[in-house]
Structures are given as structure tokens and as C-alpha cells.
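Geometric and topological summary
Below, each chain spelled out in residue letters.
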Amino acid sequence: MTPLEPLEAPDPRRWLALTLLVASFFMVIVDSQIVMLALPSIESELGFSPGGAQWVMSAYLLSFGGLLMFGGRTADLLGGRRMFLFGTALFGLASVLCGLAWDDSVLITARIVQGVAAAIMTPTAMAVLMHTFAEGPERNKALGIWTGVGAFGATAALLIGGPITDGLGWEWIFYINVPVVVAVLVLGPRLLRTTPVREGRRRFDPAGAVTVTAAIALLVYAVSEAPLVGWGSGQTIGMLVGAAVLLVIFTVIENRSQAPLVPLRIFRSPTVVGGNMLMLIVAMAVYGGALITSLYAQQVLGYSAVKFGLSTAVYAVMSIIGANVSARLVAKVGYKPIAIVGMTLLAGGLLLLTGIDPDGGYWSDLFFGLVIFGSGIGSTNVAASIASLTGAKPEESGLVSGINNAVFQIGAALGIAIASSVAFASTTGADAEGLNDGFQAGFLATAVFALAGLATALLLLLHRDRKTSPQGAGKHAVTVHH
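Residues numbered from 1 in each chain as written. Predicted model: local features only at pLDDT ≥ 70, side-chain atom pairs only at ≥ 80, totals over all residues. Heavy atoms only, no water.

Looking now at the overall build of the chain. Each helix and strand in the chain was counted, giving 17 helices and zero strands. Taken across its 482 residues, the chain has 55% of its residues classed as buried. Of the contacts made within the chain by residues no fewer than 6 positions apart, 84% connect residues no fewer than 24 positions apart. Accessible surface, the chain: about 19000 Å² in total, of which carbon and sulfur atoms supply 67%. (Helix = DSSP H or I, 4+ residues; strand = E, 2+ residues; numbered from the N terminus. Buried < 20%, exposed > 50% of the residue type's maximum accessible area, 1.4 Å probe, protein only. Contact = heavy atoms within 4.5 Å. Areas by Shrake-Rupley, 256 points an atom, 1.4 Å probe, with all protein chains shown as cover.)

This next bit is on the environment of Ala441. Residue placement: Ala441 occurs in helix H16 (residues 432–460). Sequence spacing of Ala441 and Phe424 is 17 residues, and the spatial spacing of their C-alpha atoms is 9.1 Å.

On to the pattern of salt bridges, then. Scanning all chains against the criterion turns up two salt bridges. Put simply, Arg111 and Asp31 hold a salt bridge, and the shortest N to O gap is 3.1 Å. With Arg111 in helix H4 (residues 104–132) and Asp31 in helix H1 (residues 14–46), this residue pair connects regions lying 80 residues apart in the sequence. By the burial criterion, Arg111 is buried, and Asp31 matches it. (Salt bridge = Lys/Arg side-chain N within 4 Å of Asp/Glu carboxyl O.)

As a further point, take a nonpolar patch on the surface. On the surface, a cluster of nonpolar side chains totalling about 380 Å² of accessible area is made up of Val317, Ile321, Val325, Leu329 and Val333. Mapped onto the fold, Ile321 is located in helix H12 (residues 313–333). For Ile321, a relative accessible area of 44% gives the class partly exposed. (Patch = residues over 30% accessible without salt bridge, like charges linked within 9 Å, V, L, I, M, F, W, Y side chains within 5 Å.)

Moving on, we get to the packing of aromatic side chains. Enumeration over the complete set of coordinates arrives at 11 aromatic pairs. Where Tyr362 meets Trp363, the ring centres are 5.2 Å apart and the plane angle is 70°; that geometry is what we call edge-to-face. Sitting over the face of the ring of Trp15, Lys141 holds its NZ or CZ atom 5.1 Å from the ring centroid. (Phe/Tyr/Trp six-rings, centres within 6.5 Å; stacked < 30°, edge-to-face > 60°. Lys NZ or Arg CZ within 6 Å of the ring centre and 35° of its normal.)

Another point: helix H14 (residues 362–389). With 28 residues, H14 should cover 40 Å at 1.5 Å per step; its first-to-last C-alpha distance of 38 Å lies within 8% of that length. Bending of H14 peaks at approximately 25° at the position of Leu370. In terms of burial, H14 is a largely internal element, 23 of the 28 residues being buried. (Expected span 1.5 Å × (residues − 1). Bend = angle between axes of the 7 residues up to and from the residue.)

Spanning 23 residues, helix H9 (residues 234–256) covers 33 Å between terminal C-alpha atoms, matching the ideal 33 Å at 1.5 Å per step. Residues of H9 that are buried include every one of Thr236, Met239, Ala243, Phe250 and Glu254, and no others. Where H9 is buried, its residues meet helix H8 (206–229).

Okay, the side chain of Ser63 next. Along the chain, Ser63 turns up in helix H2 (residues 55–78). When its relative accessible area of 10% is taken as the criterion, Ser63 is described as buried. From its side chain, Ser63 meets the backbone oxygen of Tyr60 in a polar contact 3.3 Å long. Separated by 3.1 Å, the side chain of Ser63 and the backbone oxygen of Ile112 make a polar contact. Excluding anything up to four places from it in sequence, Ser63 contacts Arg111, Ile112, Gly115, Val116 and Ala119. (Polar contact = N/O pair within 3.5 Å; in protein donor to acceptor, adjacent residues only side chain to side chain.)

Next up on the list: the environment of Val407. Positionally, Val407 belongs in helix H15 (residues 397–426). Classification of Val407 as buried rests on a relative accessible area of 17%. Counting along the chain gives 124 residues from Val407 to Ala283, while the straight-line C-alpha distance between them is 8.5 Å. Look past the residues within four positions of Val407 in its chain and what remains in contact with it is Asn276, Met279 and Leu280.

Take the environment of Ser32 next. Structurally, the position occupied by Ser32 is in helix H1. Sequence-wise, Ser32 and Ala118 are 86 residues apart; in three dimensions their C-alpha atoms are separated by 9.7 Å.

Next up on the list: the packing of H8 against H9. Where H8 meets H9, the closest approach of the two axes is 8 Å, and the angle between their N-to-C directions is 160°. Judged by the inter-axis angle, H8 sits roughly antiparallel to H9. In the packing of H8 onto H9, the handedness of the crossing is left-handed. Of the residues in the contact of H8 with H9, the class split is 18 nonpolar, five polar and two charged. (Axes fitted to C-alpha atoms, helices over the stretch in contact; angles between N-to-C directions. Parallel < 35°, antiparallel > 145°, perpendicular 65-115°, else oblique. Left-handed = near helix turned anticlockwise from the far one by under 90°. Nonpolar A, V, L, I, M, F, W, Y, C, P; charged D, E, K, R; others polar.)

Looking now at the confidence of the model for the chain. Per-residue pLDDT for the chain averages 80, and the proportion of residues at 70 or more is 86%. Across the chain, the secondary-structure element scoring lowest on mean pLDDT is helix H17 (residues 470–475), at 32, and the one scoring highest is helix H13 (residues 335–353), at 93. Throughout residues 1–8 the model reports pLDDT below 50, and contacts reaching past four residues in sequence, or to other chains, amount to 16 contacts. Here residues 463–482 is a poorly scored stretch, pLDDT under 50, and it has 43 contacts once near neighbours within four places are set aside; other chains count. (pLDDT = per-residue confidence, 0-100.)

Spelled out as C-alpha cells, the structure:
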């Protein structure tokens, strides 16, 4: 396939194409969260062992997070649109198998396949987006919409998961993916542009793919299980050491490979390093904060799952607003000021939430903190995404996007694990007051994450390419040195 040259005039179908891409992203995000509300029904109907139902979520998380970089690389070697459509078809088939699952092993296997498909879909969709929108204000706006839809998807899952499970049965949380998949497969070939592929011989890096996937999967599993088995347990320490050893082996392989999965020169760019560091910390703060909010609302305030979803929709709405405002402003002021303001909002909202009370309520204890917290989510995601993706070569856009998404997944797992560990260790009793003590500590831990993100934005997002012209700076074009 011959790569298409960038069009001089913007593609008139680009906003319809974006709608299709964000619809698929929305589906992936919803599917990662909606299962949470259906787990009791799934556990009782399929006969899971005690505690075994968690694997319905963990299997998806491990395969999704572990294969993101490899999924991104396939976009660069085989074509973003082609692999995106393949991943979408695979996701649809896996969703149908999930709904038809007749025992626990079938469901977990299908969820693994779903995670693999999501790992292909997410970075390849981003690669198509980056090729559809030229670097500058329009791409920033598109990334803002992408970020906002992702934030809304997580809340939408909480809103619709309960009613679907109660009204139609848990199988339908998977079947609802089918119409979206069909729409993408029918309209995608007409609306989505092909993306550049590497010319010449297409060589994969199986050794690099295996080691980095195993390292990420081991890391995600270790931090996911740490709250249950303990951070100082032999299992946790052994897995973390194993992940570190695999990452060292991966680095050695990439240095010696003629066709590396991840060319290490990518990390010579301060924007790539700073943006991904920021994305890691943002994910830790956001997912850790969301988890503690959920626990406080349901265990202390006594909210049902549906009421919790409705009450916390405010931070999803503010995230969408923050993302779109930031996407417009970043063309004028750059991503560093947006990152600084966003991390300040995240930290401020989480610090405000440390004031929760065992006898509190929604308006007095949650609302204002969630408004500030949500505004920071949108701003920081846009800034971190633009920084980490800016200047990527077209033939490496899938890989860079895969790295960005993998970092986010790892950060989410770390944030959930650390926040829950801190909350559990600080709980002083089983009553509302004792639980509240633990949740206050959990919010404080996530606020520390956000403050670390603020320091990262101040220290690492300092460099601009000296060759950037005033016009390029206005579009926020930063060249990656190779």
C-alpha cells in the first residue's frame, strides 16, 4: 500500500471520521467500567469461585494494558485504518462471545480477547486521528473531544450499567457493543483516511514485543493485587522485580535490534518524556481519586450505584468542558501553562475532598471538590496528550500513541492500588467514622500525586525546539529530534 500524501486542503469528512473514532473509543472505555456493576449477577449465574469474578475485569485490563505498544506498532507497519477496522471486528466478536458465555472460563477468555482488540483499536484510532488532523489547533481540538468523550464514557458506564443489568440481564452490557461495531465497520472504509506505513521490508520485533508485554502485564498485575496480598509480600516484590528485569532485557533487545518495537531515540525528546511522565501521574490522580470518591459515596453516604453515577456526572461534564476549553487555549499559550493550571486544579479539588465528613452530604462534601477535580482532568489530559504526541513522525504515530495509552493504563492501575492501600491502612474502624478516616487519607494520597504532576509540568515541559518558527509556535508545532 502506498502512503497517501497529506492533503493541502483539509479533508471535508474529517469531523465525521472523528465521530466514528470517538464512538469506538467511547465503547472501549464504557466496556472497561460497566462490568463493575454487573459482577454480582455474573458471579452468581456463572458460578465463579469467591473472589474469582474480579478476573472479569482484570483479564481485560492485563491484555489491554500489556499489548498497547504492540498494537500501536501494528498501525505503523500494517496501516492504521486497516488495523483499526480489524481490531473493531475482533472486539465485536469477543463481545458477542462474552454475552453468550456459558461458564466462567469462557467469559474470562472472551474478555482477554476483548482486551487484545482494545489494545489494537485505541492506538490505531489515535494514529488515524493524527493523520486526519494537521498538527496545530484542529488536532488539539480533536484531542480535546477525544479526551472529553473518554471521561464521559467512564461515568456513562456507571449510569447505564445498573439499569441494563437489572432490566435486560448482564449479557446485554456486552451486546450493546454490536450496533457500534457494525456502524464502524460499515462507515469506516468510507470516512477514515489511510495512514502511512513503513516502506520496504516490514519487520516485527517479536522478542521486544514479548518482553515488554510481559513486563507491563506483570507490573499491572502486581499493583492490582497489592492491596489484597500486601505491598511487602513476596508475591508483590517478586513480580515488581520480575517486571524490572524484563524491562532491562527489553532495553538491551531494542538497542541491538535492527527493527526495534520501540526505537529508544523516541525518548530523546523532552516533550515525549515529559508528556508521558505527566500522563502517568494524571492517571494515578484521576483513577485513585475516582475510586475513593466511589467508596466514600457508597460506603459512608450510602449511595446506590445508580445514584452514585448520577451524582458524580458533574466531574465528567466539567472534564469535557475543561478539555475543550484547553484544546482551544493551547494553540495560543502552549501546553505547559495548560498542564500547570490543570494539575493545580486536580490538586486543589482533591485537597478540598480531604474535608469529607462521616455525617456529610453531596453538596457540602463532594460537589465543589468534584467540579474543580473534573476541570483539572480535562485540562491535564489534553496537555499531556499533546506534549507526548507532538512532533511524532507519521510512520511512528501508532507506536507513540500506544506508549501514551500504555502509560495511562499503568498509571491507572498504580493510582487505584496505592490509593486503596493507603485508605485501607488508615481505616480506624468499620463504622462510618472509621471508614471516613481511611478515605480522607486516600484523597490526601491522590492530592500528593497531583502535586507531583505539577512539579513534573514545571520541570520537564520546559524545552521547545529552537527551529520552531513563530507560525509553528502558534500552531504548537514542536519537532522531535532524532
